[in-house]
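Survey of secondary and tertiary structure
Residues per chain are reported as follows:
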Amino acid sequence: MTECAHRESGRNCPISKTPCLGECIYANILDDINLGIIGMDLSNKEVFFQNKLAVDIFKGTIKPKDYNALASLLLPESPLTSKDHNVSRTLRYGNKFIGCTIYNISERYLWIYISDVTEKVRLDSIAEAVNTMNNLGYIFSGIRHELGNPINSIKTTVTVLGNNINTYSKETVLEYINRALLDINRVEYLLNDLRTFSMYENPELKDVHMPSFMSNLLSMIDRDFNRNGIKIRTIFRPDAEVGYLDPRALHQVMLNILTNASDALRSKESAEIAISMFRIDGRIIIKVKDNGCGIPEEHMKHLFKPFSTTKTKGTGLGLVIVRKMLSKMDGTVEIESEEGRGTVVTLNLPEGHNSIS
Ligand SMILES: Nc1ncnc2c1ncn2[C@@H]1O[C@H](COP(=O)(O)OP(=O)(O)OP(=O)(O)O)[C@@H](O)[C@H]1O
Ligand SMILES: [Mg+2]
């Protein structure tokens, strides 16, 4: 039988509430479980429990119950805050990866669950590399296609013009030049989207006052949207106060989403976009809802694929950029839509740490 952790720490049994007798079936189960478990006493700076698996993971490198070595590896450098609890982290230890979650029992006692996730991390990184290679091929063929079309068309226009320069009237020459310029604009538009795509590779995350961010954004777009007959309604709940993000990246994300909503509302009567913002479980949620054309069911699975567009002037990179920028900020995007009724885009973003007035 395993010596129970409560007896060593002089505490009552959490099940019977009486002084611990030492040998205990529960301690035995914890010892044999397929998860590394470490119990720490922060005041006395000691490890009061470490099961077999938690000893094996560090075999030959950290002695069993070595508080200093285990604490410096598993606990964050700065003093623990409530944000460190119940959060899973992956730590690198030599050539191993260790999944680690800290649960606090009280100010003084902690449980730490650990597992060797080296194999999982390796498989994940292989899957990611394969995915990137597949996507790269897809992206290159998309760019070739998107640039190839207008460039071919410019070539044809300029060749025809060159062959007939002495016979065409001034008006016809001008018409050909304008046609070539339109294609050049299209190439420029694509190059601009590609630039945005790589712009915030390393976003500068900081606490951002969300109501100010929103009023800034709205003051920029309000006039254009009104001119197009689109009414913008906002519902911002006061609990959505501070986000932790890069405001320039979120600005670009919101512009892409609002432009899509505006495109979907073209020639629609009583066109409306409702933007709401609130807080759930320590996350900031932003919803953008339009009553536009909606998205057909069969198109939903292609939304985040590069170059997938239903617009003559679109590049199909808008939502790819949205998803990429959000993932760099530990955020997510979800889209629900009903054809003919409208679309709701939901952003989920991390909350900031400090209140800003
Ligand atoms: N709010 C919306 N309502 C209806 N359809 C939408 C909406 N948002 C996106 N879509 C559909 O998703 C497609 C992809 O959107 P995305 O923003 O990625 O590219 P795009 O708008 O076509 O081109 P661009 O690169 O210029 O943004 C659109 O072509 C459109 O069919
Ligand atoms: Mg778009």
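Reference entry: report on the structure contained in this document. (Residues numbered from 1 in each chain as written. Chains lettered and ligands numbered in written order. Predicted model: local features only at pLDDT ≥ 70, side-chain atom pairs only at ≥ 80, totals over all residues. Heavy atoms only, no water.)

1. Details of the overall build of the protein
- When helices and strands are tallied, the protein shows nine helices and twelve strands.
- The C-alpha radius of gyration computed for the protein amounts to 29 Å, which surpasses the reference 21 Å derived for 357 residues by more than 25%, pointing to a less compact arrangement than a globule.
- The dimensions of the protein, computed from C-alpha atoms along their principal axes, are 105 × 45 × 35 Å.
- Evaluated residue by residue, the protein yields a buried proportion of 38% over its 357 residues.
- A total of about 21400 Å² of accessible surface is found on the protein, and carbon and sulfur atoms cover 53% of it.
- Of the charged side chains in the protein, 42 are positive and 43 negative, and the gap between their average positions amounts to 3 Å. (Helix = DSSP H or I, 4+ residues; strand = E, 2+ residues; numbered from the N terminus. Rg over C-alpha atoms; globule rule 2.2 N^0.38 Å. Buried < 20%, exposed > 50% of the residue type's maximum accessible area, 1.4 Å probe, protein only. Areas by Shrake-Rupley, 256 points an atom, 1.4 Å probe, with all protein chains shown as cover. Lys, Arg positive; Asp, Glu negative; His and termini not counted. Charge placed at Lys NZ, Arg CZ, Asp CG, Glu CD.)

2. With respect to the packing of helix 8 (residues 247-264) against helix 9 (residues 318-328)
- Interhelical geometry of helix 8 versus helix 9 gives an angle of 150° and a closest axis separation of 9 Å. In terms of orientation, helix 8 and helix 9 fall into the roughly antiparallel class. Crossing of helix 8 against helix 9: the hand is left-handed. Contacts from Ala 249, Gln 252, Val 253, Asn 256, Ile 257 and Asn 260 in helix 8 reach Gly 318, Leu 319, Ile 321, Val 322, Met 325 and Leu 326 in helix 9.
- Across the contact of helix 8 with helix 9, the residue classes break down as eight nonpolar, four polar and no charged. (Axes fitted to C-alpha atoms, helices over the stretch in contact; angles between N-to-C directions. Parallel < 35°, antiparallel > 145°, perpendicular 65-115°, else oblique. Left-handed = near helix turned anticlockwise from the far one by under 90°. Contact = heavy atoms within 4.5 Å. Nonpolar A, V, L, I, M, F, W, Y, C, P; charged D, E, K, R; others polar.)

3. Looking at the nonpolar core
- Core analysis: the biggest nonpolar cluster contains 45 residues, and Met 210, Leu 250, Met 254, Ile 273, Ile 275, Ile 286 and Leu 347 have the highest contact counts within it.
- Elements with a minimum of two residues in this core: helix 7 (210-227), strand 7 (230-236), helix 8, strand 9 (271-280), strand 10 (283-290), helix 9, strand 11 (332-338) and strand 12 (342-350).
- Discounting residues that sit within four places of it in the chain, Met 254 has contacts with Phe 213, Met 214, Leu 217, Ile 275, Ile 286, Val 288 and Leu 347.
- Formed by 20 residues, the second largest nonpolar core is a distinct cluster that contains Ala 54, Phe 58, Leu 91 and Cys 100. (Core = buried A, V, L, I, M, F, W, Y, C linked by side-chain atoms within 4.5 Å.)

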